[in-house]
Each structure stands twice: as structure tokens, then as C-alpha cells.
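Commentary on secondary and tertiary structure
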2 protein chains.
Amino acid sequence: MNLRIPGPIPVPDDILHEMSRPMINHRGPEFKEMLYRVSGRLKQVFDTRENIYILTASGTGALEAAVVNTLSPGDKVLCTTIGSFGDRFAEIAERFGADITTLGFPLGTAVDLEQLRSTLEADDGIKAVLVTHNETSTGVTNDLESIANVVKGQFDKLLLVDGISSVCSIPLHTDAWRCDVIATASQKGWMLPPGLAFISFSKRAWRAHAEAKMPRFYFDLAQYQHYFEIGQPPYTPSISMMFALDLALERIIDEGLAALYERQARIGKFPRSGLLAQGLELFANERVASDTVTAFKIPNGIDSTELINILQNEYQIVVATGQESLKGKIIRIGHMGHTTEAEIQDVLDALAETLPKMGFISPTTSVV
Amino acid sequence: MNLRIPGPIPVPDDILHEMSRPMINHRGPEFKEMLYRVSGRLKQVFDTRENIYILTASGTGALEAAVVNTLSPGDKVLCTTIGSFGDRFAEIAERFGADITTLGFPLGTAVDLEQLRSTLEADDGIKAVLVTHNETSTGVTNDLESIANVVKGQFDKLLLVDGISSVCSIPLHTDAWRCDVIATASQKGWMLPPGLAFISFSKRAWRAHAEAKMPRFYFDLAQYQHYFEIGQPPYTPSISMMFALDLALERIIDEGLAALYERQARIGKFPRSGLLAQGLELFANERVASDTVTAFKIPNGIDSTELINILQNEYQIVVATGQESLKGKIIRIGHMGHTTEAEIQDVLDALAETLPKMGFISPTTSVV
């Protein structure tokens, strides 16, 4: 099966193999050594000198951790959103009592820096800004460096980042860009199954933590830091995932982050040019299109469920439809982690065979 | 390595092997089928007609879910505690704003039903009672059926149960005993690695949920129920753990719960009689001793760290020390899941060789 959804991604066999290792004591010396080795490498990927905390949770759990560890009920929070995952981040903050202002942008586009700037200018009571680095629901990447320049450089707000599908796929420099919290999850660029989430926490975030009154227990990072000092997790973690993470990070560091980002950017271009060549329309503006997931519009008259079923049943290719208002309107092709051009070419070939049979007439096909 | 801590436990090879299966789409037909199959079997283990929800989290996350899905800040909660995990359950409720009354009992003993009854009688404002079914920090099992008779039968309170180390090890009848919420985790009797938690939720718990004001997002069971209806998880789950759970449940149901409980009770007696025969003193009262973990007192003059190191380095046996005030005072031997008498005998033999060398003179050894 060619699993081409935007996470979980196909995991290399040797990393999958690590998942089957026998259990160890999570409060013993072997785990401690692994925790410190893994943490050191996570810091390299995040490009930070601060600790990265490992949560046994989905990415959404890490988003909740970002919010509840830094904010109090009633805090004014500006939630930028360019899709479903931005909406979710805002909803978490709202559920925990933040006073949220939502700054939304049309689906398929990115955060507009001018609008961000003017919104922050208009309300100096805003304490924190929420940003989605890479919006998998639309296939758009925000320019996080420029956003951070505004949020941190010009306005000095807390910057909380959903990096679930960006960290370890798209260039990111946590400290240099002054991101206070970045939450990410294992089933994306890390070449791992789902089950773990990782979160960075700046010195400024720790100062916010000291005053933050949102209730928290399982996700309270103070406990993670406390136990980290003795080489332990606060609660029994997903040990199998730690084994797999250990090997995945070894491979990531061996490849080198510059090479990894370059490879990811190259594979990101591949489906875009292939889809355009078939006369299909990309959903995201080319300038902001994500290198981790590509969304194209379902041509008029084509039934997306039928298309997805044909790809799955006849070609063993699994792609994703759109979420919420985009359901049935776009198809999303994931290419995170160790995706090859051949795997993407198979998707392009399947589309090129299937769509015309379903009645799609490519505008690029000249009619003689 | 003979891993004899009270979780994680050694996982059978064929179940570990499932952890290495390739990823699938968590929103596709294969996952849906697995989710429904697994859920049906989880209901058999919990002995309930209600749905069981699967969380990607440690057991502590499930304890948080039990609290935040049923309670509001200011609610009066009676927290019974017989050890560290009871204390933790109370702390979670307190962090989220419950007005808690702690009813503690001496370490090594269980909840006293008379004291429970008189405490509930004295304050009819109490809304919920927290109970630890099996306290792994002391090796004590509470008589949950009798406790439920008091809490539900006599006083009709919400009953929230920490069943982390009891479910699938110790007889439990969720519906018959009218337990409203029972939280448990994979790394105990289920023969699985850590990484998933399971939680039951009664109709009464759902009525409490409708009014419960504690903030929740990742652990909001309404989302899990909503997505369950279309055969999906709300957030990307630990797919590898789902594969392993699927096989583990098949084996559990094949063995039969009555046979499983009987086997567990038999293996529970084995270390107790073996330790007593060596002249060691058990920590828990015999009447309430757990069949999943056995704690014995470190004899006077013996250094617990040295003992643990010798067992680990010379015998490849990993046991646990006590937690918090019991650190260095007791040793805990885990025997959950598929533990054999031979594995326990190895621990007993190692102790019988080591302790005398460390200066322990057994009171059962007659001096000639």
C-alpha cells in the first residue's frame, strides 16, 4: 500500500523493527541514557538550546500543552488560522478560557503579515499569538520567520506554534526565530508511527508558565522538566516509540538537517509540477504551497469518493480528501518523511489513467 | 532480562511483533474494522455494555480524563487514598479546581468501609468518590465491589475508579458494580507496551459530562464518542499499539476472563508464600495483598539500592523500590500479564542467595 495521506506516513522497515524491542524499566539506567541521547538530538532538530519534552500523546495533546502551560483564563490571545488545524488551536485556547480573537485567512492562502501587524497594533492587551507553521488541511506553509519577526520583533508577544507537520520537514530555527513554544508529533517528518509528541519551551515560556493559571496535570511541563533532571519521564511513556525515535533521530542527524530540508523541498516540487502538467489546479497559491502535502482541486463533475476508492482499490494508493468545508472538494497527497519520487510518480500515473476515464478533460490537452 | 517491575511488563513476542506492522490510514476502512473489533472486546473485559474509549496517553492521562469529563470546579470530591497513586488521583482533581476531602489510610492497608460510610454520611454535598482499585505503590487491592456498594448503593455518588493496574488482572464488573468511570492503561495486565489508555463511561457519567465545567479538549470523551460513531479516532492515535492491542485482546478473550483471573490469583500467591518462607516480611496485610504486585519490607541493615543493583547486574532481574516515603523501605515485584512461576522463582532464588550475603539473618532459620 502506498500510504500518501499527510500522516501517518510509511515508516522505514528498520525503524518499524525497533518498535518490537522488549520492554525496559522506564526508571532504569538504559532508559535514562536513551532519554538524554534522544533529547540532545531533538534539540538539534528544533535548533534550540532549551529542553524538548516528549509527551505520550497525539499532536493535539501537544497543542493543548502549549496553551495550558503558558496562559491563564481571560488572557487575550490572537489566533491566526489558515485552515482546520488553526481553528483547532484556537478552540483549545477558548475551551481553557482564553479571550480569543481569530484572524482568519482564505483557505489556500497564508497569514498576511500586514493584517497581523495591524491587528496587533490595534490591541496592545494581546498576550499571545497562535500560528500554524504548516497547515495540512490546505497544503499551505506559513512564513514563520517573518511572522516571528512581527510577533516577537515588533510586538514582543508570546509566540505559540503548531509545528505538527513542519518540524523535521521544513526549515525551522526555534531560538533564532524566538519561538516560545513549538508543538510537533511523531507521525510526520520524523519517519515514525504516531504516538509521541514533542514540545519546545523557551525561557520566556517558563516565565509565562510561572504565572499561567489554566489547569493542567498530565501536560504540565514542570513535571517533565523535574523528572528530566533525573533522566526519567513523569509518567510511563510509550517505550516502543522511544526505541523507534532513537533510531529515527540517528538517521536524521546522520543525513544532516540541511540535506533533509533540501530533499524535502525537492520532493515537494515534484507533485506540484506533475499535477499542473495534467491540467489539474493546485489548491494552495504556488508561493505558499507546502513541501509536505499537496492539495489539488477535484475537477468539476468528478466524485471525490469514487476517485479515492479507485486509487485505493485498483492502485493501492491511499490519499486524503479535504476536511470540513473542503470535504469532497480537494485531494491531499502527503509526501513527508522518506518519500521517493517513484512513490509520487505512481500517484501521478494513477491519476492520469483514472481521471480521463471519469470524464475529466484536461485543459492542457489540445483538441485537434 | 527478567523485568519484574509493576509495569511495563514483559510483552509476549507475537504481540511485540505486531508493533512493527506498516502504518495504515486511521480514517480508512481497515482502521474502522479494527476499532470496532477491539472496542467490542474491551467491553467484554470491562464487563460493560457502554463504549470504552481508547486514549493515546499514559494511565495518568486517563485519570485526568475521568476527572475533567465528570466534574466542575468547586465540586466536592471525596478522594480515598491508600498510596501514591491515590494521592495522584486526588491531586489531579485538586488541580482542576475540585473541592477535595482526602480520606487516607495507612500504607499497606485498604479503604476501610466504615470510615468511608461515615465520611459520606457526614457530608451530603459530596458529589463524587475517587478510588484506586489496585495500589501498585504498596501492593494492595481495594475491595471495589464493597466500596461500590457503599458509594453507589447507599449514597448514590459518582464513582471514579483508577483501574490502571487492575483491569484485565483482577475481577471487575463495571456495570454490575455500577462504576461510573474506570481508567486503565496498556502496560499492565493487557500484556502490551505502554502508550494507550482505556476508559469506561456510564450513562450516569454522561449525564455528569453534560454539566461538567472543567476545561478539556484532548481528553474530552464527547469527541471520542462522536468519532467512534463513524469508526474513527478524533486525533491520530498510536496505530502500532492498536495492532498489538488487537492481538492481545484476541488472546485474552480466547483464554477467557475467568481463567485469566484464576491464573493471576494463582501467580499472586506464589511470591507471597515464597518470600514468607525466606523469613521476609510482606508490606501489605495478607487479606488485602494484591495479586499483581508484591511488596516486601527491606530487612534492617540491608541497603535497597545495593540489593536492586545486585539483582540487576548479577541476575538480570529488574525489581522496583518504593515510591516517595517508601523509597528504600520496600521492594516491589511485579507479576502482571503472562508471568510464569519460573520467572518468580528466579527472583526468589536470587533473593535467597543475595540477602544472606548482605547480612540478612532469616528469623525462620533455626540457629543450632
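Residues numbered from 1 in each chain as written. Chains lettered and ligands numbered in written order. Predicted model: local features only at pLDDT ≥ 70, side-chain atom pairs only at ≥ 80, totals over all residues.

Some thoughts on the interface of chain A and chain B
How we decide: Contact criterion: two residues are in contact if their C-beta atoms, reconstructed from the backbone, are within 7 Å. Labels follow the DSSP assignment, with helices taken as runs of H or I lasting at least four residues and strands as runs of E lasting at least two, numbered in each case from the N terminus. Gly falls in the polar group here, along with every residue not listed as nonpolar (Ala, Val, Leu, Ile, Met, Phe, Trp, Tyr, Cys, Pro) or charged (Asp, Glu, Lys, Arg).
Listed per partner, the contact involves 43 residues of chain A and 43 residues of chain B. When contributions to the side of chain A that touches chain B are tallied by element, the ones reaching two or more residues are α1 (13-18), α3 (59-68), α4 (84-95) and α9 (239-255) of chain A. Among the elements that take part in the side of chain A that touches chain B, α3(A) stands out by supplying four residues, more than any other. Considering only residue class, the side of chain A that touches chain B consists of 23 nonpolar, 17 polar and three charged.

Topic: the sheet that holds strand β13 (residues 320-321) of chain A
Residue and element names in this part refer to chain A. Here is the rule we go by: Between any two strands, at least two bridges found by DSSP are needed for them to pair.
The strand order β11-β14-β13 describes an open sheet built from three strands, whose pairing is antiparallel. Where the open sheet ends on each side, the last strands, each with one partner, are β11 (293-297) and β13. Sheet topology places β13 next to strand β14 (residues 330-334); two bridges connect them, and they run antiparallel. Paired with Ala-320 across the strands is Arg-332, a residue of β14.

What about the domain arrangement of chain A?
Residue and element names in this part refer to chain A. Stated precisely, the cut-off is as follows: Bear in mind that the domain bounds are from an automatic or database domain assignment.
What the domain assignment lists for chain A is domain 1 (13-254) and domain 2 (257-357). Computed over C-alpha atoms only, the centres of domain 1 and domain 2 are separated by 27 Å. Each partner contributes residues to the interface: domain 1 has 21 residues there, and domain 2 has 22 residues. Across the side of domain 1 that touches domain 2, the residue classes tally to eight nonpolar, 12 polar and one charged.

A word on the sheet that holds strand β8 (residues 158-162) of chain B
Residues and elements named next belong to chain B. As a reminder, the rule being used: With axes taken as lines fitted to C-alpha atoms, and helix axes fitted only over the stretch in contact, angles between N-to-C directions fall between 0 and 180 degrees.
If you walk across this open sheet you meet the seven strands as β2-β10-β9-β8-β5-β3-β4, and the pairing is mixed. Of all strands in the sheet, those with a lone pairing partner are β2 (52-55) and β4 (99-104), marking the two edges. Shown here is a sheet whose adjacent strand axes are inclined to one another by a mean of 20 degrees, direction ignored. Bridge count between β8 and strand β9 (residues 181-185): three bridges; the pairing is parallel. Note that in β9 the partner of Leu-160 across the bridge is Val-181. Across the sheet, helix α4 (residues 84-95) touches β3 (76-81), β4, β5 (128-132) and β8, and the angle it forms with β3 is around 165 degrees. Docked against the sheet, helix α6 (residues 144-154) engages β5 and β8, running at close to 155 degrees with respect to β8.

Observations regarding helix α11 (residues 304-315) of chain B
Filter applied, for reference: In a helix, the anticipated span is given by 1.5 Å times the number of residues less one.
Under the 1.5 Å per step criterion, the end-to-end length of α11(B) is 16 Å for 12 residues, consistent within 8% with the ideal 16 Å. Taken from the residues just after α11(B), B:Gln316 is the one with a positive phi, measuring 55 degrees.

A closer look at the packing of α3(A) against α4(A)
A packed helix pair is summarised by two numbers, namely the angle formed by the two axes and the spacing between the axes. Residue and element names in this part refer to chain A. Spelled out, the test is: If an angle is under 35 degrees, it is roughly parallel; if it is over 145, roughly antiparallel; if it lies from 65 to 115, roughly perpendicular; otherwise it is oblique. In a left-handed crossing the near helix is turned counterclockwise from the far helix by less than a right angle, and in a right-handed crossing that turn is clockwise.
Direction vectors running N to C along α3 and α4 enclose 50 degrees, while the axes themselves pass 9 Å from each other. Here α3 lies oblique to α4, going by the angle between them. Here the hand of the crossing between α3 and α4 comes out right-handed. Contacts between α3 and α4 pair Thr-60, Leu-63, Glu-64 and Val-67 from the former with Arg-88, Phe-89, Ile-92 and Ala-93 from the latter.

Observations concerning the pairing of β4(B)
On a regular strand, one side chain projects to one face of the sheet and the next to the other, so that they alternate. Residue and element names in this part refer to chain B. Keep this limit in mind: Crossovers are described as right-handed under a simple rule: with the strands pointing away from the observer, the path leading from the first strand over the helix to the second runs clockwise.
Taken together, the six bridges between β3 and β4 define a ladder with parallel strand orientation. In the strand pairing of β4, Thr-81 is matched with Gly-104. For the crossover that starts at β3, traverses α4 and ends in the parallel β4, the hand is right-handed.

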